[in-house]
Amino acid sequence: MSARTPKPRPQQPVGVRIAGTGAAIPSRVLSNADLERLMDTSDEWIVQRTGIRERRIYDREGGETSETLGTKALLQALENAKVKPSEVDLIIAATMTADMPTPSAACLIAHHAGCGEAGAFDLNGACCGFIFTLNMAHEFIRGGQAKTVAVVGTDTITRFVDFTTFGRNAAILFGDAAGAFVLRADPDPAVGMQAQSMHADGGRGCHLYIPKRRESFYNPAEYDERAVDRIHMNGQAVFKFAVTKFPQVIEETLARAELKASDVDLYVCHQANVRILESARERFGLSHEQLPVNMERYGNTVAASVPLLFNELRAEGRVRDGSLVMFLGFGAGLTWGGSLWRV
Ligand code: UT7
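Quick summary incoming for the structure in this document. Please read all numbers here as calculations on a predicted model, not as lab measurements. Sequence order as written defines residue numbering, which begins from 1 separately in each chain. Thresholds applied to this predicted model are a pLDDT of at least 70 for local features of residues and 80 or more for the giving and counting of side-chain atom pairs; totals over whole chains, interfaces and linings are not thresholded and use all residues. Excluding hydrogens and water, the side-chain values take into account all heavy atoms of the structure.

1. Things to note about the site of the ligand
(1) Moving on: The immediate surroundings of the ligand are formed by 22 residues, with Thr-41, Arg-49, Gln-236, Asn-273 and Asn-300 found nearest.
(2) Moving on: Residue Thr-41 places a side-chain N or O atom 2.6 Å away from a nitrogen atom belonging to the ligand.
(3) Moving on: Polar contacts, as counted here, are pairs of nitrogen or oxygen atoms within 3.5 Å of one another; within protein the pair requires one atom able to donate a hydrogen and one able to accept it, and residues that are adjacent in sequence qualify only if both atoms are side-chain atoms. Between the ligand and Asn-300, the relevant distance is 3.0 Å, taken from an oxygen atom to a side-chain nitrogen or oxygen of the residue.
(4) Moving on: For the ligand, the accessible surface in isolation is 940 Å², of which the surrounding protein chains cover 73%.
(5) Moving on: In DSSP terms, a helix is any run of H or I states spanning at least four residues, a strand is any run of E spanning at least two, and both are numbered starting from the N terminus. At the level of secondary structure, the elements contributing two or more residues to the shell around the ligand comprise helix H2 (43-50), helix H7 (235-257) and helix H8 (274-284).
(6) Moving on: Here the shell around the ligand takes 4 residues from H7, the largest share from any one element.
(7) Moving on: Only Asp, Glu, Lys and Arg are considered charged, only Ala, Val, Leu, Ile, Met, Phe, Trp, Tyr, Cys and Pro nonpolar, and every remaining residue, Gly among them, polar. Considering only residue class, the shell around the ligand consists of 11 nonpolar, 7 polar and 4 charged.
(8) Moving on: Marked domain ranges trace back to an automatic or database domain assignment. In this structure, the shell around the ligand is formed jointly by two domains, domain 1 (15-186) and domain 2 (192-342), each of which donates at least three residues. Neighbouring residues are identified by heavy atoms, a residue being near a molecule or strand if any of them is within 4 Å of it. Values of accessible area rely on a 1.4 Å probe in the Shrake-Rupley scheme; residue burial ignores everything except the protein chains shown.

Encoded structure:
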């Protein structure tokens, strides 16, 4: 070995523990009854087709942004983990709604949470962003490059929603929130991610996108001034994609871990439409306890939905040490993925 060859690092297996979780929701509630007053829709239609009853909407004038919500969620997760902000090595924010193109949401969250000069960057995987972030953060710790990594899912997607009848298919679905996990290296190598899957198909990006200008419209015939900078969604196409890919990604992740569906204690899924989750529940014979839902209160909160739900489940004592938990997401891109953990 030459003098210049770096010494190989000892390959000790490192466990990764979800040491703490936190969440933040905006104070403004928008119920289905409120939507009835804004557009041609009904509580009955929304509940039947989606399972959603109300959602939270950020208050920009009141200072709520993806960054402030993300900071609140992170501080709660740090307190829950009994970790000081100065101990965090790296912060990754899953978001598609940073307040500005730069600085990133993660840089501002790190600053406001008092994380000193910890590394910080954003990852945009839309509604699957938190899953991708979780998978990546895990590998930084398992690979020995970091001891404490914070992952934050934060989105204020309703700024891209048109709250009139014109934009009703997105308006009924989406809400704003943030959630965070603090991940730490753990001496028990059995805890941490057991298997993961990450996929994308940009060829189907046209089904869910936010056109920024006339030229961004996939189909020029669909150009409408009211649709610029607003969510453009082919609901049926996204629905079909989700009910097909959701079971596939569960099967793929289980196969990689050599497990079967009933071995997993909890499926913490992206909350988009209760009918999508019901189809997965039926397909794998899962109970409501195994595949829980909270979208009736929050709607689809993009990258926040998975950490928001997991934080609730932990607070309710429904996550036991040693449980197997599969985190799942799908969304714009199109993107989809899974992350199976022994917690
Ligand atoms: O993170 C991923 C995010 N996106 C998703 O997960 C979206 C997945 N897709 C869905 O959740 C559903 O497609 C929606 C909830 C968006 C729509 O439900 P749908 O059962 O696919 O409804 P549709 O678009 O086929 O519309 C059925 C009918 C239409 O009326 P006609 O043509 O049958 O007379 C629509 O005009 O319902 C009407 N409609 C509404 N009525 C009341 C569509 N949106 C609404 C509404 N309120 N908000």
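More follows now that the structure is in view.
2. Description of the packing of aromatic side chains
(1) Moving on: Two aromatic rings from Phe, Tyr or Trp, using only the six-membered ring of Trp, form a pair when their centres are within 6.5 Å; if the ring planes differ by under 30 degrees the pair is stacked, by over 60 it is edge-to-face, and anything between is tilted. Summed over all chains, the structure comprises 9 aromatic pairs.
(2) Moving on: The interplanar angle of 80° and the centroid separation of 4.9 Å between the aromatic rings of Phe-130 and Phe-181 together place this pair among those described as edge-to-face. Taken together, the residues Phe-130 in helix H5 (residues 129-142) and Phe-181 in strand E7 (residues 177-186) connect sequence positions 51 residues apart.
(3) Moving on: When its relative accessible area of 2% is taken as the criterion, Phe-130 is described as buried.
(4) Moving on: Since its relative accessible area comes to 0%, Phe-181 is described here as buried.
(5) Moving on: With centroids separated by 5.3 Å and ring planes inclined at 55°, the aromatic side chains of Phe-181 and Phe-310 adopt a geometry described as tilted. One end of the pair, Phe-181, is in strand E7; the other, Phe-310, is in helix H10 (residues 305-315), with 129 residues separating them in the sequence. Each member of the pair, Phe-181 together with Phe-310, is buried.
(6) Moving on: By the ring-pair criterion, three or more aromatic residues cluster together here, those being Phe-130, Phe-181, Phe-310 and Phe-327. Partly exposed describes any residue whose relative accessible area lies between the buried limit of under 20% and the exposed limit of over 50%, with all areas from a 1.4 Å probe on protein chains only and scaled to the type maximum.

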